[in-house]
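Chain by chain, the residues:
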Amino acid sequence: MNDFAGKTYALHEIDIHLVEMTLDIMKYVIGRITEKNPQLGYFRSEEELREMVGNTITPHGIGGEKALELWKDVLSKASVSIDHPRHLAFVPAAPSRAAVMFDLVTSAASIHGAYWMEGAGGIFAEMQAMEWLVSLTGMPEGSFGVFTSGGTLANLSAIVTARETWRRDNEENCARKGLIITSSGAHSSIKAMAQVTDAEIIFVETENRMMGADLEAKINTLSAEDRQRLFAVVATGGTTNAGIIDDLEGIAEVCEKEKLWFHVDAAYGGGALAADSVRYLFNGIERADSITIDPHKWLFSPYDCGAVIYKNPQLAKKAHTQEGSYLDIFKDEGANGFNPSDYQIQLTRRVRGLPLWFSLAMHGTDVYKNAVERGIELAQIAALKIIRNRNTELVREPGLSCVLFRRIGWKAEDYKNWTYTNHKAGFALVTPTQWRSGDSFETVARFCFINPDTSEHDIDAILATMD
Ligand SMILES: *Cc1c(COP(=O)(O)O)cnc(C)c1O
């Protein structure tokens, strides 16, 4: 054990203390990634944390030992381990252990992932992982994509590309405020990113599958002026709330006929493209102009890692390439190669696809297929248990790995108390949601399975807390 306190270090000093600190951190990391039942974690108020942690930022530093100790004893416990096997809320995550280890390598390697000239080796590895993702979609030859910080940025990058393409095709569109159609089951980021681009959104009002005919009917209600403003349709490949996949085939048909950009947001559901048992549900996705998939959701990457794929990457390049004299050398023939920054919003970027690449290279894609199938299987198992349990019933059949169910007799308040009780006990984090049918909203419970470490016993134990 060493003590950093009291000694002033130069920021980049290398000595025995640094080596010991590195070992301490490695020890923590190894412990964490080999733990199948990490602490669940429970938030504390800012005042409580301030009391427990004190002020850590001082002119002379508190020392690495002390800071790591505060992390282990207080701060990490006040943060939820998203990979806990009974964390079934939101869309959880379960990064593979190989991917987490390689996330450390990605940091240690210090690679700038914007331009080939700087990051060729890392970018090449990312590209191999991306080729696999593209192959899952069945999109035509020439389709390609980049890793982004998440689904939100991937959706934004796609919307900007769609809008710029629309405006390039007809200069008059530059004076028009764009219009996007999506379903009310679409993720909140679609609305938020439309706002960022100053586009308007019109919803097909359904939490169920948006059908091609629904889209067509909505388009037919538009005034001539609004029809001119319409430039894109966003379908969802696995809604976040219920795992519902829109009628991608029918929607593709309408988009082709109406000459509209067809974006599929498969941030959550995209991982299921690898699962043979449900792949047919995504038929039509291969006709998309762009697709969002979040490897940090159902493809077992650590945060943060999203992806956007384009049928015609040149259109993205025209929309996103940044210009500046200090950047010219990166675009020179001599440094030619794939520059990820040309295809999405971010300039400086870590090679965030590297952890996925390493894990895929190590395990092979079959292991990924099986791990995704397990999530779907867990949803089916949970559904059976819910049906057999006299206190609970399904709201609808599971969608991908999402299960919506009700505890007979419970009101919204009961679900909320149940969530907090289980969370506070360090036992499970399962949250309520709302299910909309017609005009009525009902509070219900929701499971989302991602983690292959979740067991049948975990499901039984959670259902038992509803008795
Ligand atoms: C999670 C999610 C997003 C947002 O992705 P982030 O990675 O959180 O930015 C977008 N769309 C869908 C369908 C999602 O499930």
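As a starting point, this report considers the structure included with it. Given the structure is predicted, the values throughout are model-derived calculations rather than measurements.

## Regarding the sheet that holds strand S1 (residues 144-148)
With mixed pairing, 7 strands are arranged side by side in an open sheet as S1-S7-S6-S5-S4-S2-S3. Two strands in the sheet have a free side with no partner beyond their single neighbour: S1 and strand S3 (200-204). Neighbour to neighbour, the strand axes of the sheet diverge by 20 degrees on average, direction disregarded. As judged from the 4 bridges shared by strand S2 (residues 179-183) and strand S4 (residues 230-236), these two strands associate in the parallel manner. In the strand pairing of S4, Thr 182 is matched with Val 234.

## Brief notes about the sheet that holds strand S9 (residues 402-407)
The strand order across the open sheet built from 4 strands is S8-S9-S11-S10, with neighbouring strands paired in antiparallel fashion. Whereas interior strands pair on both sides, the edge strands pair on one side only; in this sheet they are strand S8 (392-394) and strand S10 (432-437). Averaged over all pairs of adjacent strands, the angle between their axes in this sheet comes to 50 degrees, without regard to strand direction. Two strands pair when backbone bridges link them, and S10 and strand S11 (residues 440-448) are joined in this way by 6 bridges, in the antiparallel orientation.

## Considering the side chain of Arg 163
Mapped onto the elements of the fold, Arg 163 is located in helix H6 (residues 151-169). On the accessibility criterion, Arg 163 (16% relative accessible area) is buried.

## Looking at the nonpolar core
One finds Leu 133, Ile 180, Phe 262 and Trp 298 to be the most contacted residues of the largest nonpolar core, which totals 90 residues. Element by element, the count of residues in this core is highest for helix H5 (residues 116-137), at 9 residues. Residues within four places of Phe 262 in sequence aside, it is in contact with Val 233, Ala 235, Leu 248, Ile 251, Ala 252, Cys 255, Gly 284, Arg 287, Ala 288, Asp 289 and Ser 290. The next biggest cluster of nonpolar side chains, apart from the first, holds 21 residues, and it includes Leu 88, Phe 405, Trp 418 and Phe 449.

About the thresholds
- Residues numbered from 1 in each chain as written.
- Predicted model: local features only at pLDDT ≥ 70, side-chain atom pairs only at ≥ 80, totals over all residues.
- Heavy atoms only, no water.
- Pairing = 2+ DSSP bridges.
- Helix = DSSP H or I, 4+ residues; strand = E, 2+ residues; numbered from the N terminus.
- Axes fitted to C-alpha atoms, helices over the stretch in contact; angles between N-to-C directions.
- Buried < 20%, exposed > 50% of the residue type's maximum accessible area, 1.4 Å probe, protein only.
- Core = buried A, V, L, I, M, F, W, Y, C linked by side-chain atoms within 4.5 Å.
- Contact = heavy atoms within 4.5 Å.

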